[in-house]
Amino acid sequence: MKPKKKNIQVGVFDSGVGGLSVANYLEEHLENIQIQLVQDTQNIPYGNKSPDLLIELVTPLLHRMVEDGCEVIVIACNTVTTNIISHLRKVISVPLIGMEPMVKTAAEQTKNNCIAVCATPATLDSDRYKWLKEKFASKVDILEPDCSRWSSMIEANQVEHQLIKKQMKDACQKGADVIVLGCTHYHWIEEEIQKTVAGKATVLQPVLPVAKQLKRIMAGLD
Ligand code: DGL
């Protein structure tokens, strides 16, 4: 009989239920994993906060996760990743896997040369996001629908379905044929968005590549 592999302690961090959507996916798709989910619901939304304030809020929580045994941490938050992950990598002693808007893949996939990126104001404002656009999508039209209230609506389970539908239909009408979900909270309305834009656009979010990267890191830790 093969000896049973020991579980690897994986931290998943977000401001709220976006982290839960990622944790559920990882738990379902990876073996030998024990997830510790931390959600900073006291301070949600992160999407309207400055990088300095994010550093102040997130750093102690990640230190605590390491103390509690996490061997690798998934930053299941585009806002944190795009604004402060390079800082966090300097101060946190375990590998960090970030999640950020899939601008490169969207730019490769669009046939109309037009994509829509749905993300928090802080993500859209970050240097990392601006760099992604410049580096991979400088010749692509990028629509940025106003999603500033989406994460709070989703966190409170009070989604304004008509508003979301209208915004996504508008994006398609303006020519977007790829919709990038650049906030993990939006994973909860991914199906709804897919149905709304069916036949006109595809929807992208990074949980699959993140799971693959995590698997590679876990193999190295084993
Ligand atoms: N789920 C987070 C993200 O991916 C942040 C949502 C928020 O707190 O505003 O950006």
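The structure under discussion appears in the preceding block.
A brief look at the structure comes next.

Cut-offs and rules
- Residues numbered from 1 in each chain as written.
- Predicted model: local features only at pLDDT ≥ 70, side-chain atom pairs only at ≥ 80, totals over all residues.
- Heavy atoms only, no water.
- Phe/Tyr/Trp six-rings, centres within 6.5 Å; stacked < 30°, edge-to-face > 60°.
- Helix = DSSP H or I, 4+ residues; strand = E, 2+ residues; numbered from the N terminus.
- Buried < 20%, exposed > 50% of the residue type's maximum accessible area, 1.4 Å probe, protein only.
- Pairing = 2+ DSSP bridges.
- Contact = heavy atoms within 4.5 Å.
- Axes fitted to C-alpha atoms, helices over the stretch in contact; angles between N-to-C directions.

## Digging into the packing of aromatic side chains
Working step 1: Tallied over the entire structure, the rule returns three aromatic pairs.
Working step 2: On the numbers, 6.4 Å between centres and 40° between planes, the contact of phenylalanine 13 with tyrosine 46 is tilted. A residue pair is termed long-range when its members are at least 10 positions apart, and phenylalanine 13 in strand β1 (residues 8-14) and tyrosine 46 in the loop between β2 (33-39) and α2 (51-67) qualify at 33 residues.
Working step 3: Ring geometry for tryptophan 150 and tyrosine 186: centres 4.9 Å apart, planes at 70°, overall edge-to-face. Placement of tryptophan 150 in helix α7 (residues 150-155) and of tyrosine 186 in the loop between β7 (178-182) and α9 (190-197) is noted, with a sequence separation of 36 residues between them.
Working step 4: Residue tryptophan 150 is classed as buried on the basis of its relative accessible area of 0%.

## Topic: the sheet that holds strand β3 (residues 72-75)
Working step 1: In space, the four strands of this open sheet follow the order β2-β1-β3-β4, with parallel pairing throughout. Since the sheet does not close on itself, it has two edges, and those belong to β2 and β4 (96-97), each with one partner.
Working step 2: The pairing of β3 with β4 spans two bridges and is classified as parallel. Bridge pairing in β4 links valine 74 to isoleucine 97.
Working step 3: Each of β1, β2, β3 and β4 is contacted by helix α10 (residues 207-221), which is oriented at about 170° to β3, the strand it contacts most.

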